[in-house]
Structure formats: C-alpha cells, structure tokens
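# Chain and residue survey
Here are the chains, one letter per residue:
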Number of protein chains: 2
Amino acid sequence: MKDMTDLDQYEVGYDIPAKPGMDAADIQTPALVLDLDALERNIKKMGDYAKAHGMRHRVHGKMHKSVDVAKLQEQLGGAVGVCCQKVSEAEVFARGGIKDVLVSNQVRDPAKIDRLARLPKFGARTIVCVDDVANVADLSAGAQKHGTQIECFVEIDCGAGRCGVTTTEAVVEIAKAIEAADGLKFTGIQAYQGAMQHMDSYEDRKAKLDIAIAQVKDAVDGLKAEGIACELVSGGGTGSYYFESNSGVYNELQCGSYAFMDADYGRILDKDGNRIDRGEWENAFFILTSVMSHAKADKAIVDAGLKAQSVDSGLPVIFGRDDVEYIKCSDEHGVVMDKGGVLSVNDKLWLVPGHCDPTANVHDWYVGVRNGKVETVWPVSARGKAY
Amino acid sequence: MKDMTDLDQYEVGYDIPAKPGMDAADIQTPALVLDLDALERNIKKMGDYAKAHGMRHRVHGKMHKSVDVAKLQEQLGGAVGVCCQKVSEAEVFARGGIKDVLVSNQVRDPAKIDRLARLPKFGARTIVCVDDVANVADLSAGAQKHGTQIECFVEIDCGAGRCGVTTTEAVVEIAKAIEAADGLKFTGIQAYQGAMQHMDSYEDRKAKLDIAIAQVKDAVDGLKAEGIACELVSGGGTGSYYFESNSGVYNELQCGSYAFMDADYGRILDKDGNRIDRGEWENAFFILTSVMSHAKADKAIVDAGLKAQSVDSGLPVIFGRDDVEYIKCSDEHGVVMDKGGVLSVNDKLWLVPGHCDPTANVHDWYVGVRNGKVETVWPVSARGKAY
C-alpha cells in the first residue's frame, strides 16, 4: 500500500496539488484548500459549545473522510471519536487511531458484518446501528466468530425518511434482542433528523426537531419502563445541534459540516435571522480554481467542474467576490460570468462548494494553508471508501 | 507508488470491491460494474462505423479515465489514441502506453505547460488546444526547454459556450502564430459542440451541428486561403458523430459515452425516434447497489448515494425493473420506492447512472463481469487527475 504520510513519493501536479512550504499561489488547481485558522476556530468553537452543554461530541467523519481532521477535532475540540457511514470508512478511522467509532448506518451484507466485527481488534470501541431485529443474529455471529464485542444503537427514523424504525415498540423489541445476543451490547439510540438540517428558517427547523425529540423521549421512556438503560442518545447536525443539546434527552452530538461550511449550509439562518456562515461558522473549505480561458469578453472559464465538486446542492459561490459569478458547470469546466472583464487567464478564485461531503469525496488531498503558505497536505484518507 | 496491476495487495471490501474469479453476486457494493460483452459490442460497433466512414476515432478518455478501456478501444475499435481534458490525465494515458494523446482543452498555468511539454518523452504524440494567441509563446518555450514538439489544435467554440474562438480571423491568426513558433506545429482544429449532445430530438441536434459544420468549414477554407494545411479536424460526440462523419469537413471523432452509456444520454432519440439506449448502444456501465434497510414497507434503502455517483444529470435508473424506482439520493443512501414490497435486505440492483463521466470519477475500480463471474478488475487509472 502507498504510504500517504510520505509526500516525497508524490509529484506536484500529477499525484498531489502542493507540498508543504510552497506559496499558496503555486498550488496546482483545482485543489481542495483548507483555511487552517478558520478550521481551527470552527473546531474549537463547537468543542467549547459541546463541553459547556455537557454533550459528548462524536464528529461526523463522513463529512471530511480524513483521519487528520478527526484528530484535530479530538485535540482542539474535545471530540470523543467519530461516526461514519460505511464499514470501509470506519476501518480507515480505526486503523488511523480513532478509538471510538460509530457506523451510523445499517450493516447487513455478510462480508461487511465480518469486517465490522474485526474493528475492535484495531483498538476501537465499535458501535453500529440496527433497525431490524433480523440483523441481530448476524451481528452476534460476527462478534462471536472474532471474539469481539459490537455495541449497537437502535436507529429511529425521526424524520429523515431513510433507515430506522418509527415506533417505541420496535425500538424496545430490537433493544431486547440485542441485549439477549452474545457478543452484542445495547448502548443507545441513533436519532439523526437529516431532512431538516437544510431548512432555512430556524423556527421551521425547531418545529421538526421538537417532533423528533418527543419521539426519541418516548423511546427512551419505553426502554426505561422495560428496565433497559440507554447510555447514549446520539444525533444532531450543524443545523440542529442547539436543539439536541438543550433537549434533556440527547447526550451526544454528531456534527460534521460546521468544521468546513459549504454554500448550501451557509444559507440557513440562525435564530436571529443571520446566515450561519456570517458569524456562527467560518468558511474553511474551498476549491481553488484557475481561469484557463477568457476567449469571450464577458465569460471566464475556470478549471473546476463536476470532477472537482458535487453540484447536488447547487453551484459553488465565489468567495469574497461580488463582481464575478460561477454560473455553469460541466465535467471539467466552470463558466464564470465576468461582465466587467476583471479576470485574466491564470487568475485564481476561491470557490465555496455547494455541498462539502461529496465534494471532499472527489479529491485525494486537502491542502492546508495559513498566512499564504502551504502548511500541510493531508490525504482524504477515506475517499472512495463507500463499501 | 502503489502498483495498480497487483491486485493481491488489495483487500476486497476495503480497497477493492471484487477480485477476478469471484461470483458477481459477491461483489462488494456499491461498485462500478462493466458488462464486458456489452462494452465490447459498443466499442466494436463504433470502431466499425468510424472505419466505414473513413474517420479516425480518438476516443474520449475523460469519460472512463481508464488506460485499460482505452487499450480495449484500440484493440477492438481501431481507436487511434485518446483525448482527455487535463495534463495530469494525459500523463496517465501516456505513461500507460497510449501513443497519441490530445488534451482537448487549454493549458495556461506555467507548471502545467511544463508537464505538457514533457509528455512526448513518454512516447506519445502530444496535441493541445489553443484559443488565445498569448498562449503560443508559453507553449513554445516549454517545448524548447524540453526539446520536444507540441502539436496544436486551434479550438473553435462552435456552440458549447466555453473555451474556443468564434471567428475564422482568430483561427487564422492563432494558427499563423503557432506555425511561426519553435517547438510547435499547427495540426488542425478542435470543434466539439458539447451543448447539443444531450438534446433529445435528432432534428434539433442536426440543426445545431449544421451551424457548427458551416463555422468549421469557413475556418478550414480560411486557413487554406492562407496556405495553411489542416491535417486534422476533430470533434463529435455520442449524440452527433454521424453529423461530423458525413460533413466532409471533420476527419476525426472524439466519442466517449457510447462505450458505457448512461441514463441521460440514453434518453436522446435517434433519427427514427428511438432512444439511443434501445438499439444504437447498450448499457454497459452500472452501479451495483444493495438494499441495506427496508424498515418502511414501501421503501427500500440502498447503499449507493452521492458518494457513489454524480446526479448532476438526474437520478440513476434501475436497470431491467419497472416495479421499483430510485426516487431520492443523499450522501450514502438511495431511496427506492418499492410499492409492492418486492425487495428484501441484501437484494442487489443494477443502476444506470445519470451521467457516466463524473460517476466514474468517484470510484477507484471497474469490475468487469461476464456470464455472472468477475473477469477483471481495472483501476480508474486517471481518477482524481483534475490538475
């Protein structure tokens, strides 16, 4: 396997966009660039918030897919570990030294269950979600085969409309089955309301979370009535963490996007009606792109298209500029409206991507920049780990 | 560097979705799967067409980003080489043994020009596009520095609205500058009408191509009037190649998507009003996905979301099924409407992605399948090569 810590193996402009020590101006584009000062401030701020509210913060590693960022979140933000969505992603974090890993998703395929059951051997507390009593026997067999323990969250669908059960009866039934199964331990509840995170209005988001919290509280009470302790109640995202933190029901957050920010999240409003990227969180995550053609007077063509980002949540926004606008995206090109003709070939623009998670997933490297210099280059270590 | 030809280094389910010899049923999902029979038929069919029409076929490598697929296109389809969009992509193809490589795009950054000028040292004829006379001196300096020759196409914007000049005067001016520059050779014209390829109606596409062909013919005539020979006139895609082939102006095609097909291209109509994926081309390119939750009676949740595909051109279509429908996509999940409750956990579905190029770009491997067995596993060798 290629050693991603030995940058000397890599050629700038072929394998890798930059090397530490370079001027930021020399980064090969398109590249993912992190503003390290902004990133560190975001991480510290959320860490301080979680601590002040008595919440564990299990950061969502599926957002950045980076062991380096996860470790920074532990160091600066007091993160207790990570969650992620796939077993192969969890392996990257566990092999990378993260000691508490939740696969916040269902694992049903026999080969994947076998891999999951081996995760504790990397030294990681291993937790997985369950939404079907039929999954319990398979997980138990995997844990017994490898002589490990898999902890389980029962997943509640509290509005995301994907995985998860919807009744307290189902939660209790699955929790009992887990408690009765060798090699498994019932540890708590997964209840992430994903569908409301991107609603613009704070009040709209609160209304959705109030419903979710009531649903989760009912499940916790139902478990208690059966004498089943619920060590962790986990959920919350960048658009909702204050609701979970003040719920009296949740005790663990799972925020991801706060650390990087993106254009789609940035547009949602806080309780005072301000965009969350104008005070609450800073943009720390950019696609650096270059103008590579300006054959038409009013349009600059840049080198970041669909292969440098995901546009599922809208086009990128050009950071710090209101004189030019990214208006169209094709595979390898972006079209920037430049009515004033202010851009020249080789000019660089900082794009705030529409959606950070799938954008990180098309890049191999993060270039960490501070004071105009490349300070670090980190692999997107779980990139492509979709299994 | 990791040796992508030695599959024994890779763990199935962590680094790689499958190994040759496995049953297709055991492929770890989500995975990109190629139906090798369909792929070979597509490649041979386009090769036969090009040959019968006296056209060179320079296959578009930016679609598949795979040296293995490019070599298959040479062997079975008589391809003369590849085009691609970035210098780092071109390096992958040149290093991989492709002998004729066109960067069908502008290269302006000094470091990229330096890399481009080294490409002939890998044994590849190297061609690049130019749409600005100011680029000529830089390209010439790069070629002279490395003692190589860079061939140049002048790029005409014949409707795509991105790079390229729009007048015959500009074509002639740039061609003359190229001819006068040491280390460069004027080889022809790049004229790809990208904007019409996905128009459903054959007649609408023809109308756009008629305009493009007239524009290109005017440029070729203008060059001839100045005594400048135009060896190659290159362009054409899966939605237009018959127009270029019968134009009397173009002599080189650049088709890409025909080999794989995707849902968005498949919907366009041939001259008889039939979808092109119902006769003209076969679906050879799939995302294999598994059901990993079915907690709601009418919805199956599958494991292929935004990190397994690009949805810029619409959601994927479930191949060969009209009883279930992929209706929603989030980062790691797809929601499949299953009104009849016909799906079970661990069932596999074959998705035809909306757009093949950026979908290939999120995967590391192609799994080639024939008769229900994994026959080959090919790296997506230029994945992430966006520089």
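Residues numbered from 1 in each chain as written. Chains lettered and ligands numbered in written order. Predicted model: local features only at pLDDT ≥ 70, side-chain atom pairs only at ≥ 80, totals over all residues. Heavy atoms only, no water.

## A few points about the environment of G183 of chain B
Residues and elements named next belong to chain B. This is how the line gets drawn: We count a stretch as a helix when DSSP gives it H or I for four or more residues in a row; a strand needs E for two or more, and each element gets its number in order from the N terminus. Contacts are assigned to residue pairs that have any heavy atoms within 4.5 Å of one another.
Note that G183 resides in the loop between α7 (168-179) and β7 (184-190). Put simply, G183 and K112 are 71 residues apart on the chain and 17 Å apart in space, counted from C-alpha to C-alpha. Ignoring any residue separated from it by four or fewer positions in sequence, one finds G183 in contact with A143, T148, Q149 and I150.

## Here we look at helix α8 (residues 202-225) of chain B
All names here are of chain B. Here is the rule: A helix is expected to span 1.5 Å for every residue after the first. Exposure classes here rest on a 1.4 Å probe applied to the protein chains alone. A residue is buried below 20% of its type maximum, exposed above 50%, and partly exposed in between. Definition of a polar contact: a pair of N or O atoms within 3.5 Å, with one able to donate and the other able to accept a hydrogen when the atoms are protein atoms, and with sequence-neighbouring residues admitted only if both atoms are side-chain atoms.
With 24 residues, α8 extends 34 Å between its outermost C-alpha atoms, agreeing within 8% with the 34 Å of an ideal straight helix rising 1.5 Å per residue. Along α8, the positions that sit buried rather than exposed are Y202, R205, L209, A212, I213, V216, A219, V220, G222 and L223. Here α8 starts with a cap whose side-chain oxygen sits 3.2 Å from the backbone nitrogen of E203, and that cap is S201. At the C-terminal side of α8, G227 shows a positive phi close to 75 degrees.

## What to know about the interface of chain B and chain A
How we decide: Buried area is calculated as the accessible area (1.4 Å probe) missing from two parts once they are joined, with the contributions of both summed. Salt bridges, as used here, are contacts in which a Lys or Arg side-chain nitrogen is within 4 Å of a carboxyl oxygen on Asp or Glu.
Taken together, the contacts link 69 residues of chain B with 68 residues of chain A. Between chain B and chain A lies a buried interface of about 6,000 Å² when both sides are counted; carbon and sulfur atoms form 48% of it. The largest contributions to the chain B side of the interface with chain A come from Y14, K307 and Y387 of chain B, which together make up 14% of the buried area. Taken together, chain B and chain A are joined by 14 salt bridges. For the salt bridge of E11 of chain A with R115 of chain B, the shortest nitrogen-to-oxygen distance reads 3.0 Å.

## Examining the pattern of salt bridges
Close approach of charged atoms allows side chains with opposite charge to pair. Within this structure, the stated rule accounts for 72 salt bridges over all chains. Residues D100 of chain B and R125 of chain B are paired through a salt bridge, measuring 3.6 Å at the closest nitrogen-oxygen approach. Of this pair, D100 of chain B sits in strand β4 (residues 100-106) while R125 of chain B sits in strand β5 (residues 125-130); the two residues are 25 residues apart in sequence, bridging distant segments of the chain. Given the relative accessible area of 22%, R125 of chain B is considered partly exposed. Between R125 of chain B and E151 of chain B there is a salt bridge, with the nearest N and O atoms lying 2.8 Å from each other. Of this pair, R125 of chain B sits in strand β5 while E151 of chain B is found in strand β6 (residues 150-155), placing the two residues 26 residues apart along the sequence. One continuous salt-bridge network, built from bridges that share partners, spans R56, R58, D100, R125, E151, K185, E231 and E252 of chain A.

## Brief notes about the sheet that holds strand β5 (residues 125-130) of chain A
Consider a sheet: its strands pair through backbone hydrogen bonds, and that pairing is either parallel or antiparallel. All names here are of chain A. Counted only if it meets this: In this analysis, strands are considered paired if DSSP registers two or more bridges between them.
Taking strand neighbours around the barrel as the criterion, the eight strands line up as β2-β3-β4-β5-β6-β7-β8-β9 in a closed arrangement whose pairing is parallel. Of the strand pairs in this sheet, β5 and strand β6 (residues 150-155) are connected by four bridges, and their pairing is parallel. Among the inter-strand pairings, I127 is bridged to a residue of β6, identified as E151.

## A look at the side chain of T359 of chain B
Residues and elements named next belong to chain B. Within the secondary structure layout, T359 lies in helix α11 (residues 356-360). The exposure class assigned to T359 is buried, which follows from its relative accessible area of 0%. Setting aside its immediate chain neighbours within four residues, T359 contacts L32, F285, I287, A308, Q309, S310 and P353.

## With respect to the packing of helix α5 (residues 110-118) of chain A against helix α6 (residues 136-146) of chain A
Residues and elements named next belong to chain A. Rules: Fitted lines through C-alpha atoms give the axes, limited to the stretch in contact for helices. The angle between two N-to-C directions lies from 0 to 180 degrees. The labels follow the angle: roughly parallel below 35 degrees, roughly antiparallel above 145, roughly perpendicular from 65 to 115, and oblique for the rest. Handedness of each helix crossing follows the sense of rotation of the near helix against the far helix: counterclockwise by less than a right angle gives left-handed, clockwise gives right-handed. Residue type decides the class: Asp, Glu, Lys and Arg count as charged, Ala, Val, Leu, Ile, Met, Phe, Trp, Tyr, Cys and Pro as nonpolar, and the leftover types, Gly among them, as polar.
Where α5 meets α6, the axes come as close as 8 Å, and the angle between the chain directions of the two elements is 50 degrees. Accordingly, the angle class assigned to the pair α5 and α6 is oblique. Classified by chirality, the crossing of α6 by α5 is right-handed. Here I113, D114, L116, A117 and R118 of α5 come into contact with α6, specifically with D138, L139, G142, A143, K145 and H146. Classifying every residue of the contact of α5 with α6 by side-chain character gives five nonpolar, two polar and four charged.

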